[in-house]
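Structural features, examined
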Amino acid sequence: MSKPALLDYAARWWMRLFLAMFFLLLYAPIVILIIFSFNDSKRNIVWRGATGKYYAKAWANDSLIEAFINSLTIAVANMIVGTLLGVITAILLWRFRFPAKKAVEGVLALPIVIPEICMGVAMLVFFNKWWPNNLVWPLNLVNIIIAHVTFTFPFVAVIVRGQLAGLNREFELAAMDLGASEWRAMIDVLLPQIKPSIIAGALIAFTLSLEDFVITYFTAGPDSITLPVKINSMVRFSVTPEVNAASTILIIITIVAVWLAMRIQKEKTNG
Amino acid sequence: METDNWRRNKRVFFAVSVPQLTWLLIFFIIPLAAVFIISFSEKRGIIGHELVWDWKNYIRAIEPIYLSIFAKTLLTSTAVTVICLLVGYPVALAISFAPRWLKLALLFAVTVPFWINGLIRTYALIAVFRTRGILNFTLEWFWSIGASVLAWFGIEVGSYQDLQFLYTNVAATAGIVYVFIPFMILPLYAVMERFDKSYLEAALDLGAGHWRTFFTVLLPLTTPGIISGCIIVFVPSLGVFFIADLLGGTDSLLIGNVIERQFLGANNWPFGAALSFLLMYLTFAALILYSIVNKKSKKIGGVDV
Amino acid sequence: MGKTVLSIENIVKKFGNVAAVNGVSLTIQDGDFFALLGPSGCGKTTLLRMLGGFDSPTSGHIFMDGIDITDVPPNKRQINMLFQSYAVFPHMNVEDNVAYGLRMEKRPTTEINQRVQEALALVRMEEFAKRPPDKLSGGQRQRVALARALIKKPRILLLDEPLSALDAKLRGAMQTELVRLQQTVGITFIIVTHDQDEALSMATRIAVMDEGSFCQVDAPRVLYEAPSSRFVADFIGRMNMHECIVIAEQDNGYCINAGGDMGEISVRHAPLPGVRAGDKIYYGVRPEKVIFSKDKPADNVGNAVVLENYSYHGDETLLYCRSQDGTLWTCTLTNDRRNFTPVNVGELGWLTWAADNMILLAK
């Protein structure tokens, strides 16, 4: 084994030790949470053998399942609307020069930069004052969906714009030169080229919505609970492995969605 | 070329601008404006309030008790940012110098917690910090090893006493660091990845040691990443409430907790609205400071973010 | 000159299982302008980086003035490098960049200032002392990088593809400039390049590299006029190269049969080790040593051809001809008169050359 190259800091033992410690500390709590979801003990402290009963218990918990279905419904609806708005925003900012463009860009960045809690209270005030309550499912979820779309579509726009920035406008001009209208050129030439970032953006929108706690917490009514909000109330009520089981499921869905998004993004950069 | 002028194709322009701008107006600007107006109202009855257009709520917000909470929030966020930077910088550096296969794996490993719900990750920390939790178990283990070594020398130490971590400021700060550290690493990594490594080789070639290379070349040239990382951690950490709620003690109240209580507990919307806007102004101040510092750091060179 | 400043012994560098540098040995004399020339991926940059101390060899040793410096880090070597990207620190102005190395040596300020002035004068950049690098052109940045490296008074300066980022005009000027600089400061230069023109015009010695090994190490003239292998002959300049049979070994050369119209030819040539009568070898003639004519001149070796195609380059015209046995030949025509008679595709003629201009290649 020859000694590491001059700048190969990642190969030095002290750096490896530091990285190992870092990732251990980063992952230990999550891994322990997952492990204890299989713990055959009501208390979350000592290991008493493996069991799947808390998953069964979670499955039998109607309000938990309801929260889960709500979460998925909201995430999917948010994904569709948020992606649509995000993509047209990206195209608008990439394609056009128009008056007050800088100001529009600034306003579009606001939902990303202002503290979540401020966004949350704004939603609380808005829906309390001007939105009918006591709607039936799934209409009672619409306010949460609206809140989610408002803060997710700028993220989608950022992702799609990133790919648009590397795009050659001459493809579109070529299509128009060959007789396509601007619409057709956009649909035939532009959209296929930015498909990877649209899919990645959609998955990110899905995840952001599924994961959101703060904004949902302020928007959700008593009969429109999502999984993170449900977990929050369970955590405060009693800490049982059932919470771990519910959390584990949410973690797994998240990891799969993020992994997919990253793979698609990677293909984009390789292709 | 003039093809990007919006007048050239108004139909397409309106199609890609009207929907989301309308959306933003109705579901973002109007709600924020409502909060702004409420902040000048007065609480009436149990849940009601009336617009009176005075500064009472803001004046109340600068009473010592709330001012100290603002100060505490700033202090906590600053501490969190500094810790995230000290830990995150070497991690980002190591990732950017890793071979390609490892780089992608490490990057994914940093990104996953970034996406996992902050609430769940905070909840996971409870198991670490509580009296009979992982941290105390680990310390006890080290203690017992130490004790047996000392016993071998004939020195007796008592048995391990569990330390109180949960419901302290330390746990709250550690929790915020834990939730926000990926936010620091990713922008730092982005700058380091684009950083031309031959600058480092040139410095070493010219006779600088590794430490002097770090301070004279790497650190100044990665400043834009440091600034971005700090702002990305600092700004959202100002508004945190559930982390301090779950992990912190009674004296770990941050401004986010106060806002939440005004809206969902005390039902004093006007005061909560005023606090929200103060928090937002604080955020904007940080962002403006960022853009000034960032412009300056770009002027003296460095890698664009 | 004449003293060995650097010698490397059996350097091997493996990345995984691939040997980028495969056991090379070399000595470089003090004052040499030495070029490592080869196609991309041949290992020349890897070798240069090992000389600079940025990579360590898997095995083998590097000696400077007889002392083993294989494990000496770059900041302790009396060797400096001009990076391909120049690596001029963007957060320091020209002066600070140039002074950097001396500051690391903790020299007194007055000495630093004086030497910075000298170094900037050497590369003719005195008036740019306070400029930030982003206000400099590529060529100016390169001068700063040169001054920054030379101010350290190294024994050896390494240059990694120094001219590749410059445009064609500037490249020519910089070639002359580098040679002038090297002669002024008297430091040994080792340059890596894939451009044969650059190597031939600047270097005093050239090592041609391919797949991690040296093919030939010689002065530019020798490399061009007496290449030792078909790879070198083909890599440097253009070459008409064809098979032939050795008929007999002669006192100071060989008698070969090149086939076609040429028949048996006696070629004066240095001895080729291991070549016997009856062996199949190769012969080559450079296009500029071939003459295109309508008739067969008496004394020279020649071949009847048809002109298949040509390309006009202003100063010269390249003729592509095919002989009767189907082999392809190239011949350079110098356009030395303004109103010369143009050639026509399909024309018949003779390609001839003096037998002394033929190179015999065994491998």
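Look above for the structure.
Described in the following lines is the structure provided in the data block. All figures in this text were calculated on a predicted structure; none of them were measured in a lab. (Residues numbered from 1 in each chain as written. Chains lettered and ligands numbered in written order. Predicted model: local features only at pLDDT ≥ 70, side-chain atom pairs only at ≥ 80, totals over all residues. Heavy atoms only, no water.)

**Focus: a nonpolar patch on the surface**
Residue and element names in this part refer to chain B. Inclusion rule: In this scheme, patches are assembled from residues that exceed 30% relative accessible area and form no salt bridge. Like charges are connected within 9 Å, while nonpolar side chains (Val, Leu, Ile, Met, Phe, Trp, Tyr) are connected within 5 Å. Working definition of accessibility: Shrake-Rupley area with a 1.4 Å probe, residue cover restricted to the visible protein chains. By definition, a salt bridge exists where a carboxyl oxygen of Asp or Glu is found within 4 Å of a side-chain nitrogen of Lys or Arg. Helical segments are the DSSP runs of H or I of at least four residues, strand segments are the runs of E of at least two, and each set is numbered from the N terminus. When accessible area is computed with a 1.4 Å probe and restricted to protein chains, residues below 20% of their type maximum are described as buried, those above 50% as exposed, and intermediate ones as partly exposed.
On the surface, Trp141, Phe142, Trp143, Ile145, Val149, Leu150, Trp152, Phe153, Ile155 and Val157 cluster together into a nonpolar patch covering about 1,100 Å² of accessible area. With respect to the helices, strands and loops of the structure, Phe153 is situated in the loop between α7 (134-152) and α8 (169-194). For Phe153, a relative accessible area of 58% corresponds to the exposed category.

**Remarks on the packing of helix α3 (residues 62-95) of chain A against helix α6 (residues 142-165) of chain A**
Pairs of packed helices are described in terms of their axes, by the angle between the two and the distance that separates them. All names here are of chain A. Formally: Axis lines are fitted through C-alpha atoms, for helices just across the contact stretch, and the angle between N-to-C directions can take any value from 0 to 180 degrees. Relative orientations are named as follows: roughly parallel for angles under 35 degrees, roughly antiparallel for angles over 145 degrees, roughly perpendicular for angles from 65 to 115 degrees, and oblique for any other angle. Less than a right angle of anticlockwise turn of the near helix away from the far helix marks a crossing as left-handed, whereas a clockwise turn marks it as right-handed. For this classification, Asp, Glu, Lys and Arg are treated as charged, while Ala, Val, Leu, Ile, Met, Phe, Trp, Tyr, Cys and Pro are nonpolar and the rest, including Gly, are polar.
Closest axis-to-axis distance for the α3/α6 pair is 6 Å, and the angle between their directions is 45 degrees. By the angle between their directions, the pair α3 and α6 is classed as oblique. For the pair α3 and α6, the sense of crossing is right-handed. Grouping the constituent residues of the contact of α3 with α6 by class yields 18 nonpolar, 7 polar and 1 charged.

**A short note on the sheet that holds strand β20 (residues 359-361) of chain C**
Residue and element names in this part refer to chain C. Selection criterion: In short, DSSP must find at least two bridges between two strands for them to pair.
The sheet built from 5 strands is open, its strands ordered β13-β12-β11-β14-β20 with antiparallel pairing. One side of each edge strand has no neighbouring strand; the edge strands of this open sheet are β13 (264-268) and β20. This sheet shows a mean twist of 45 degrees between the axes of neighbouring strands, independent of strand direction. The pairing of strand β14 (residues 280-285) with β20 spans 3 bridges and is antiparallel. Bridged to Gly284 within β20 is Ile359.

**Looking at helix α1 (residues 44-52) of chain C**
All names here are of chain C. α1 sits mainly inside the fold: 8 of its 9 residues count as buried. Of all the residues in α1, the buried ones are Lys44, Thr46, Leu47, Leu48, Arg49, Met50, Leu51 and Gly52. One or two positions beyond α1, positive phi appears at Gly53, with a value near 95 degrees.

**So, the pattern of salt bridges**
Inspection of every chain in the model, using the stated rule, returns 34 salt bridges over all chains. Note that Asp245 of chain B is salt-bridged to Arg236 of chain A, the shortest N-O span being 3.3 Å. Remark: Arg236 of chain A occurs in helix α10 (residues 227-237) and Asp245 of chain B occurs in helix α12 (residues 242-247); the pair is interchain, linking two chains. Given a relative accessible area of 40%, Arg236 of chain A falls into the partly exposed group. Between Arg337 of chain C and Asp336 of chain C there is a salt bridge, with the nearest N and O atoms lying 3.9 Å from each other. The exposed category is assigned to Arg337 of chain C, whose relative accessible area is 54%. Overall, Asp336 of chain C belongs to the exposed group, its relative accessible area being 58%. One salt-bridge network, in which partners are shared between bridges, spans Glu42, Arg44, Glu50, Asp54 and Lys56 of chain B.

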